[in-house]
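# Descriptive structure summary
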Amino acid sequence: MPSLVSDPGESLVPFSPQVGDPVVYPLHHGLKPPFARLSISWSRGNSLRVAFFKTPAAASASSDDETGGKVLEVKLAEGGGEIDEAQRRRIAYESVPVFAHLQMRRNSADSLSRMSYGSSSYRAEWWQHVMEYSKHISSILGAPKTSSSSVVEDPKTVVKLEEEPTCLKAAWDLMEIFYVDKQARAWLPERLVDWLADYDGLLSGPDSTIHSKLLSLQKELVNLQVIEDELKYWEAMSSALAVGWLDIVVKLLRLHGSYKLDQLGNRETENGLVEAVAVLVSTMPRMRPGLAAQKPGRCYGTKPDFFKAWEKWRGQMAKLDCSAFWVQCGHRPTREGLRNLLQVMLGNTSSLASATCHWLELCISHFLYVRHFTTSLEAIHSLAQKCMQLKPPSDSQWLTGLMFGILEENTEVVLAECSRVFGPWMVTHAIELLTADNVQADFLLHEERYNLGGISIEELHRIVYAQVLSSHALTWPIAPVYLASCPKQGFGLLEILLYRQPVQHDKTLLKNLEICRLYELDNISSCLKKITGMHHWKHGKKGSGVFWLQQAQDDVRLNRIAQQLFEFVGKSVSDDSFKQWEGLIELLGSEASTAGGLEFLHKYKDFKKSLQKVQDGKASDAARQAIEYLIQLMKSPSTPERFWLPLLHDSLNLLNWRERPLMNVSETNLLLSKLQELSLARLRPGFCDSHLPPQALSSVRLALATNLGRAILE
Amino acid sequence: MAEAYIQIHKFPQSKSINAVRFLPPLSAFDRPIVAAVHDPDADVFSVEIHALEPQNPPNLHLQSSWPTPSRISSLRVSQTPQKPIIAASTLGGTLHLFSAHPVEASIESEVLLADRSFHSGPISGIDLQGTGTELVSVGEDGRVNLVRVGESGLSSNRFFDSRGLVSYKAARWASPSEFATGGLGFSLQWWDQRKPGGPVSQLKGDWARGGKSGMVHSIDIHPSRKHVCMAGGSSGTVFAWDLRWQQQPVLLSGAGPDETIQPLSVSEVWEVQYDSYIQSSNPVSAASAKILPVMVCLEDGILAVLKQGEEPLELLAEPCAINCFDIDQQNPSDVICGLEWEAIAILKRP
């Protein structure tokens with residue numbers, strides 16, 4: 001548990017010691033002071049429960065409409081994250097099946113090939129599963145950027161404004177690139193170029209980025225008359241070129257004034273130079289397997305091929321750089337702008353530095369134009385450090401910490417950054433990426449730790465996430481998925497979680513029971529049924545109470561409440577209210593084992609029914625039937641003693657049946673002996689008398705004696 | 001397989017969906033939908049009307065919303081396009097009737113019954129007559145109430161009170177004077193307004209011997225076969241109770257005395273409705289003896305059509321529970337369902 005880590009210095013989830021400005025939440029309780037007591041406790045999730053208690057005297061003295069206190073819930077605002085609560089829940093829901101699927105695969109793989117765990121085939125297969133998992137999660141975090149080119153494309157749209165990507169997705173994709181995407185290792189720099197193209201907009205904090213530069217240019221584009229006179233235009237192009245957004249550069253170049261039909265004649269040389277640069281840009285060799293359709297650039301899969309193409313391309317550039325046409329180009333901004341673009345492409349470090357804004361942009365520009373074959377983390381790391389010296393990041397950059405954690409191959413730092421910036425969801429799900437192809441991280445995160453109470457870091461984070469889920473009324477039902485994947489403490493916590501859910505409403509209870517069934521927690525399920533049974537019983541819903549106790553097979557409680565039921569039955573099973581009882585008695589069923597003494601009621605009902613038939617004037621068959629039920633009841637050990645006399649008294653009619661005696665000698669003797677037992681029992685203390693007239697006993701005795709006489713005679 | 005052609009569209013709501021119904025069409029263009037929702041962030045329960053725009057892909061947008069004091073347990077609508085009425089019962093024991101504006105699909109007014117003498121504790125099921133003039137409500141408190149919807153308001157009349165000895169879970173009209181209720185132990189009761197004092201006949205709770213007992217969650221009665229009462233409940237149980245063969249219900253799914261019938265699933269069947277869209281594959285055998293196809297939604301995320309003696313046809317398999325659904329009466333190829341993970345799904349069958 002997180003609380004076990006007492007020393008903040010050793011804590012795995014770092015917290016910042018700085019305290020922000022206090023936030024004031026005004027409370028509208030509408031009560032008049034003074035208060036006797038104020039109680040503050042945590043409620044679900046991020047809310048506080050504040051209870052105001054008035055002194056009892058003050059409450060009673062004040063006007064009637066004022067109550068003795070009030071309870072308020074105060075929602076403490078979230079830290080203004082980019083993702084709102086509803087969105088967070090959506091991500092939580094959708095990632096459940098993906099996570100569960102991966103866990104299932106892990107379990108089946110473990111059981112199948114425990115022997116060959118370390119083998120390469122197993123690793124390769126597992127890595128494939130994690131790749132699928134990662135792609136799936138990434139798609140949940142946001143739709144992939146669509147490169148759909150509409151038929152009518154606005155020439156002035158440089159940067160497409162689509163759905164804003166989230167930092168969460170950006171961070172996920174970054175980790176995927178480094179930890180899971182094996183195929184990308186050979187062309188890691190180009191993967192980062194792509195990543196930056198998708199998420200550059202997110203890097204802008206207080207500093208500007210190339211993305212924001214282009215956006216501001218796009219806004220002004222409509223109003224600019226002579227675009228090539230603007231410094232901004234040239235700067236934006238060299239920036240876009242530096243990070244490899246070739247399509248944007250080509251598009252911007254074609255907006256150059258010299259392309260206009262009316263000016264083509266007298267700006268021929270200028271136009272030729274612009275076009276030459278555009279062609280160079282669009283034929284730039286790239287060290288990658290392929291590019292999206294209609295993107296400029298030429299791809300080379302192997303180093304030698306690329307190197308040859310690169311040398312050739314540079315040769316063309318050098319030729320253009322020394323060409324005599326520059327002198328003939330009369331337009332100074334164009335001349336300087338184009339030559340600057342050439343400098344960027346030639347890999348002039350100072351040009352690259354001035355063209356980029358963020359350290360990562362600078363880093364990427366070095367990959368593209370200076371160090372194409374940088375693939376080891378160490379090399380990237382040292383380059384990134386150099387870039388950072390030139391362009392120091394601002395404090396609030398989530399990227400820097402994460403990136404350096406990855407580059408330094410420091411799993412703990414990566415986890416801590418994920419946790420600090422993105423919270424428990426990210427950590428829980430990202431651990432799968434970190435351990436996918438890294439034995440060291442695998443060991444680190446799965447090692448059982450004494451200071452964590454014997455659980456691993458992975459389990460700790462899953463538990464923390466499950467607790468976050470449990471704190472919300474709608475997400476708690478998915479917490480079991482995560483708890484079930486915690487081998488040490490998961491099931492204990494799951495049991496606690498299930499115990500603490502409300503049981504008042506059958507629908508929610510049935511959902512709980514379903515979870516119990518899924519995880520084979522039969523004892524919890526029967527406990528919940530018992531709790532519900534007692535809840536309903538106490539709230540006067542006797543039928544529901546009995547039903548749930550029957551479901552729990554709780555004979556002890558059923559016996560106890562049977563005694564209470566008999567009280568009611570003795571009093572209220574008069575003939576008109578009998579219909580109400582019928583339903584309950586039906587529910588009890590006829591099986592003695594589940595009803596716990598309540599099967600008596602079943603026979604009692606049958607007896608009452610046939611008695612009713614007799615009273616309705618039906619034939620003596622009915623009377624004989626009723627007597628049979630009576631004998632059964634009197635024989636049965638489950639018939640409570642206090643019912644004996646009322647039963648006999650009710651059947652006085654039958655005992656004195658006019659036509660012929662309905663009972664034979666032995667049956668009469670049985671009833672007489674029961675009567676004798678009863679009169680003896682009356683002398684014992686604690687006997688509870690029925691509500692019959694005092695002469696009831698003697699009249700029954702008389703009737704039985706008469707019947708005995710008649711039976712003997714017959 | 002037919003599933004390949006079913007179009008499924010999901011609309012995240014960021015609210016939990018407790019019940020959904022199609023409203024009768026008000027205009028030629030949009031299809032109005034009523035949903036009972038709970039917004040956990042604001043902690044507000046409400047009845048919402050959404051308009052389903054029929055273009056491809058369809059679009060769902062909120063038209064109007066009306067708060068209720070607690071969670072809605074049951075939602076019904078009248079089939080009267082000129083003056084649609086929406087009835088909602090809550091777990092707090094209150095009954096709300098909303099009249100919708102016939103053109104704008106917005107809620108105009110509300111009348112409610114919130115009296116402890118009406119129901120004490122949760123109302124578990126209600127049903128509205130198709131004409132919207134009369135309503136039956138049943139609750140865990142064991143009361144069966146009849147509510148008359150008049151011009152002047154609502155007048156309720158306690159038809160039966162078992163004083164908590166029996167709890168009822170669902171109710172459904174069979175005819176203007178008869179209705180059926182269902183409850184614990186898979187029991188069903190048949191009532192007749194003309195014969196007060198108790199159920200006219202009942203299916204005893206212990207018929208499912210051998211199998212596990214459970215409760216009925218939903219009942220449906222087909223307008224053309226009023227003597228058959230279709231019910232769904234715990235442990236994947238779906239059965240039909242024919243008043244003419246009272247003692248032995250016909251099991252469509254679930255564990256029962258007949259070993260040959262396998263349950264579709266062992267989780268809860270939350271709702272059942274006759275599916276008039278699915279025609280029996282064999283028209284000869286679809287004669288009166290057969291039970292009509294019925295659609296069910298389950299806790300383990302399945303929406304399926306059951307036919308007697310045939311394999312169930314799965315329409316939707318979700319990773320989360322499907323808590324409620326409704327079939328469009330006017331256009332039965334369309335089905336709407338409420339998913340546990342805060343979304344509404346719309347299915348268009350080919």
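Since this is a predicted model, take the numbers as computed values, not measurements.

## Description of the overall build of chain A
The helix and strand inventory of chain A stands at 34 helices and 5 strands. The burial tally for chain A puts 48% of its 714 residues in the buried class. A sequence separation of at least 24 residues applies to 65% of the contacts in chain A between residues at least 6 apart. In the structure as shown, chain A presents an accessible area of about 35,100 Å², 55% of it carried by carbon and sulfur atoms.

## With respect to the overall build of chain B
Secondary structure assignment for chain B yields 0 helices and 28 strands. Compactness check: chain B gives a C-alpha radius of gyration of 19 Å against a globular reference of 20 Å for 350 residues, within 12% of the reference. Buried residues in chain B amount to 64% of all 350 residues. Here the contacts in chain B between residues at least 6 apart in sequence split such that 49% fall between residues at least 24 apart. Surface summary for chain B: the accessible area is close to 13,200 Å², and the carbon and sulfur share equals 52%.

## Things to note about the confidence of the model for chain A
All names here are of chain A. Residues of chain A with pLDDT of at least 70 account for 83%, and the chain-wide mean is 81. When mean pLDDT is compared element by element in chain A, helix α21 (residues 479-483) scores highest at 94, while helix α28 (residues 592-595) scores lowest at 46. Contacts from residues 1-8, a stretch scored under 50 in pLDDT, to residues over four places away or in other chains number 17 contacts. The model gives residues 147-152 a pLDDT under 50, and that stretch makes 2 contacts with residues more than four places away or in other chains.

## Let's talk about the interface of chain B and chain A
Residue-level contacts link 43 residues of chain B with 39 residues of chain A. Carbon and sulfur atoms supply 57% of the area that chain B and chain A bury against each other, a total of about 3,500 Å² over both sides. Three residues, B:Asp41, B:Leu165 and B:Trp341, lead the burial of chain B against chain A; their summed loss comes to 19% of the area buried on that side. Two residues, B:Glu342 and A:Arg89, come together in a salt bridge whose shortest N-O distance is 2.6 Å. The interface formed by chain B and chain A contains 12 residue pairs in polar contact (both at pLDDT 80 or more). Looking at side-chain class alone, the side of chain B that touches chain A contains 15 nonpolar, 14 polar and 14 charged residues.

## Section: helix α33 (residues 665-681) of chain A
All names here are of chain A. Between its first and last C-alpha atoms α33 spans 24 Å; for 17 residues at 1.5 Å apiece the expected length is 24 Å, and the two agree. Turning to α33, its buried residues number three or more, namely Glu-667, Thr-668, Leu-671, Lys-674, Leu-675, Leu-678, Ser-679 and Ala-681. Here the buried residues of α33 occupy an arc of 155° about the axis, which is enough to place them on one side. Among the exposed residues of α33, those pointing more than 90 degrees away from its buried face are Ser-666 and Leu-680. Tucked into the core, α33 has its buried residues touching α30 (620-635), α31 (644-650), α32 (652-655) and α34 (696-713).

## Quick word on unusual backbone geometry
If a residue is not glycine, its phi is most likely negative; likewise, a peptide bond is most likely trans. We note that A:Glu409 has phi near 55°; this positive angle belongs to a residue other than glycine. Structurally, A:Glu409 is set in the loop between α16 (398-407) and α17 (411-422).

## Regarding the pattern of salt bridges
Residues and elements named next belong to chain A. All told, the structure shown has 49 salt bridges over all chains when counted by the stated rule. Two residues, Asp-321 and Arg-339, come together in a salt bridge whose shortest N-O distance is 3.3 Å. Placement of Asp-321 in helix α10 (residues 303-321) and of Arg-339 in helix α12 (residues 332-346) is noted, with a sequence separation of 18 residues between them. In this structure, a network of salt bridges that share partners links the residues Arg-106, Glu-432, Glu-458 and Arg-462.

## Focus: the side chain of A:Thr411
Residue and element names in this part refer to chain A. Mapping Thr-411 onto the fold places it in helix α17. Under the relative-accessibility criterion, Thr-411 is labelled buried at 11%. Contacts of Thr-411, omitting those with residues within four sequence positions, involve Leu-434, Ala-441, Leu-444 and Leu-445.

## Some details on the pairing of strand β26 (residues 322-327) of chain B
In the case of a regular strand, side chains alternate between the two sheet surfaces. Residues and elements named next belong to chain B. Among the 6 residues of β26, 6 are classified as buried, and the element is accordingly described as predominantly covered. Relative to strand β27 (residues 334-339), β26 is paired through 5 bridges, and the arrangement is antiparallel. Looking at β27, one finds that Asp-326 is bridged to Ile-336. Hairpin connection, β26 to β27: the antiparallel pair is bridged by 6 residues.

## Observations regarding the sheet that holds strand β4 (residues 44-53) of chain B
All names here are of chain B. The strand order across the open sheet formed by 4 strands is β2-β3-β4-β5, and the pairing between neighbours is antiparallel. Each end of this open sheet is capped by a strand with a single partner; those strands are β2 (16-22) and β5 (59-68). Pairs of neighbouring strands in the sheet enclose a mean axial angle of 25°, with direction left out of account. The pairing of strand β3 (residues 31-39) with β4 spans 9 bridges and is classified as antiparallel. Its bridge partner lying in β4, Ala-36 is registered against Val-47.

## Topic: the sheet that holds strand β22 (residues 269-274) of chain B
All names here are of chain B. Read from one edge of the open sheet, 4 strands run β22-β23-β24-β25, paired in antiparallel fashion. Every other strand in the sheet has two partners, leaving β22 and β25 (313-317) as the edge strands with one partner each. Averaged over all neighbouring strand pairs, the angle between strand axes comes to 20°, with direction disregarded. Inspection of the sheet shows β22 paired to strand β23 (residues 294-298) by 5 bridges, in the antiparallel sense. Among the inter-strand pairings, Val-272 is bridged to a residue of β23, identified as Val-296.

## Observations regarding the nonpolar core
Judged by nonpolar contacts, the single largest core of 167 residues is most densely connected at A:Met175, A:Trp195, A:Leu253, A:Met345, A:Leu360, A:Tyr369 and B:Leu303. Counting residues per element, this core draws most heavily on helix α4 (residues 167-180) of chain A, which supplies 11 residues. Leaving out residues up to four positions away in the same chain, B:Leu303 has contacts with B:Met295, B:Val296, B:Cys297, B:Leu313, B:Glu314, B:Leu315, B:Leu316, B:Ile322, B:Phe325, B:Val335, B:Cys337 and B:Leu347. Counting residues in each nonpolar core, the second largest holds 40 residues, with A:Leu558, A:Val700, A:Ala703 and A:Leu704 among its members.

## Let's talk about the environment of A:Lys169
Residues and elements named next belong to chain A. Residue position: Lys-169 is located in helix α4. By relative accessible area, Lys-169 is classed as buried at 8%. Along the chain, Lys-169 and Gly-142 lie 27 residues apart, while their C-alpha atoms are 6.9 Å from each other. Setting aside anything within four residues of it in sequence, one finds Lys-169 in contact with Ser-138, Leu-141, Gly-142, Ala-143 and Tyr-199.

## A short note on the environment of B:Ser73
Residues and elements named next belong to chain B. Checked against the element boundaries, Ser-73 lands in strand β6 (residues 72-77). Each C-alpha atom of the pair Ser-73 and Ser-124 lies 5.9 Å from the other, and the pair is 51 residues apart in sequence. If sequence neighbours within four positions are ignored, Ser-73 has contacts with Ser-89, Thr-90, Leu-91, Ile-123 and Ser-124. A polar side-chain atom of Ser-73 sits 2.6 Å from the main-chain carbonyl oxygen of Ile-123.

## Looking at the packing of aromatic side chains
Aromatic ring pairs are reported here in terms of the distance separating the ring centres and the angle at which the planes meet. Within the structure shown, the criterion is met by 22 aromatic pairs over all chains. When the centroid spacing of 5.8 Å and the interplanar angle of 85° are considered together, the rings of A:Phe306 and A:Phe373 count as edge-to-face. Placement of A:Phe306 in helix α10 and of A:Phe373 in the loop between α14 (359-369) and α15 (377-390) is noted, with a sequence separation of 67 residues between them. Relative accessible area serves as the criterion here: at 31%, A:Phe373 is assigned to the partly exposed category. Here the aromatic cluster, defined as three or more aromatic residues joined through ring pairs, consists of B:Phe159, B:Phe160, B:Tyr168, B:Trp173, B:Phe179 and B:Trp191. Stacked on the ring of A:Phe53, the Lys or Arg A:Arg37 has its end atom at 4.6 Å from the ring centre. When the ring centre of A:Trp537 is taken as reference, the NZ or CZ atom of A:Lys542 above it lies at 6.0 Å.

## Here's the deal with the packing of α33(A) against α34(A)
Residues and elements named next belong to chain A. Put simply, α33 and α34 touch, their axes get as near as 9 Å, and they point 155° apart. Considering their axes alone, α33 and α34 lie roughly antiparallel with respect to each other. For the element pair α33 and α34, the recorded crossing hand is left-handed. Residues Val-665, Thr-668, Asn-669, Leu-671, Leu-672, Leu-675, Gln-676, Leu-678 and Ser-679 of α33 pack against Leu-697, Val-700, Arg-701, Leu-704, Asn-707, Leu-708, Ala-711 and Ile-712 of α34. Taken together, the residues of the contact of α33 with α34 sort by class into 11 nonpolar, 5 polar and 1 charged.

## Details of the confidence of the model for chain B
Parts of the model with low pLDDT should not have their predicted coordinates read in detail. Residue and element names in this part refer to chain B. Looking at chain B as a whole, the pLDDT averages 86, with 91% of positions reaching at least 70. Considering each helix and strand of chain B separately, the mean pLDDT is smallest for strand β9 (residues 107-113), with a value of 84, and largest for β26, with 95. Interface confidence in the predicted complex, given as ipTM, is 0.91; pTM for the same model is 0.83.

## With respect to the packing of helix α23 (residues 506-518) of chain A against helix α24 (residues 522-538) of chain A
All names here are of chain A. Interhelical geometry of α23 versus α24 gives an angle of 165° and a closest axis separation of 9 Å. Compared by their axis directions, α23 and α24 come out roughly antiparallel. Seen along the crossing, α23 lies across α24 with a hand that is left-handed. Together, Asp-506, Leu-509, Asn-512, Leu-513 and Cys-516 of α23 and Ile-524, Ser-525, Leu-528, Lys-529, Thr-532 and His-536 of α24 make up the contact between the two elements. Residue classes in the contact of α23 with α24 are distributed as 5 nonpolar, 4 polar and 2 charged.

Reading the values: the criteria
Residues numbered from 1 in each chain as written. Chains lettered and ligands numbered in written order. Predicted model: local features only at pLDDT ≥ 70, side-chain atom pairs only at ≥ 80, totals over all residues. Heavy atoms only, no water. Helix = DSSP H or I, 4+ residues; strand = E, 2+ residues; numbered from the N terminus. Buried < 20%, exposed > 50% of the residue type's maximum accessible area, 1.4 Å probe, protein only. Contact = heavy atoms within 4.5 Å. Areas by Shrake-Rupley, 256 points an atom, 1.4 Å probe, with all protein chains shown as cover. Rg over C-alpha atoms; globule rule 2.2 N^0.38 Å. pLDDT = per-residue confidence, 0-100. Buried area = accessible area lost by both parts, 1.4 Å probe. Salt bridge = Lys/Arg side-chain N within 4 Å of Asp/Glu carboxyl O. Polar contact = N/O pair within 3.5 Å; in protein donor to acceptor, adjacent residues only side chain to side chain. Nonpolar A, V, L, I, M, F, W, Y, C, P; charged D, E, K, R; others polar. Expected span 1.5 Å × (residues − 1). Arc of directions from axis to C-beta. Pairing = 2+ DSSP bridges. Axes fitted to C-alpha atoms, helices over the stretch in contact; angles between N-to-C directions. Core = buried A, V, L, I, M, F, W, Y, C linked by side-chain atoms within 4.5 Å. Phe/Tyr/Trp six-rings, centres within 6.5 Å; stacked < 30°, edge-to-face > 60°. Lys NZ or Arg CZ within 6 Å of the ring centre and 35° of its normal. Parallel < 35°, antiparallel > 145°, perpendicular 65-115°, else oblique. Left-handed = near helix turned anticlockwise from the far one by under 90°.

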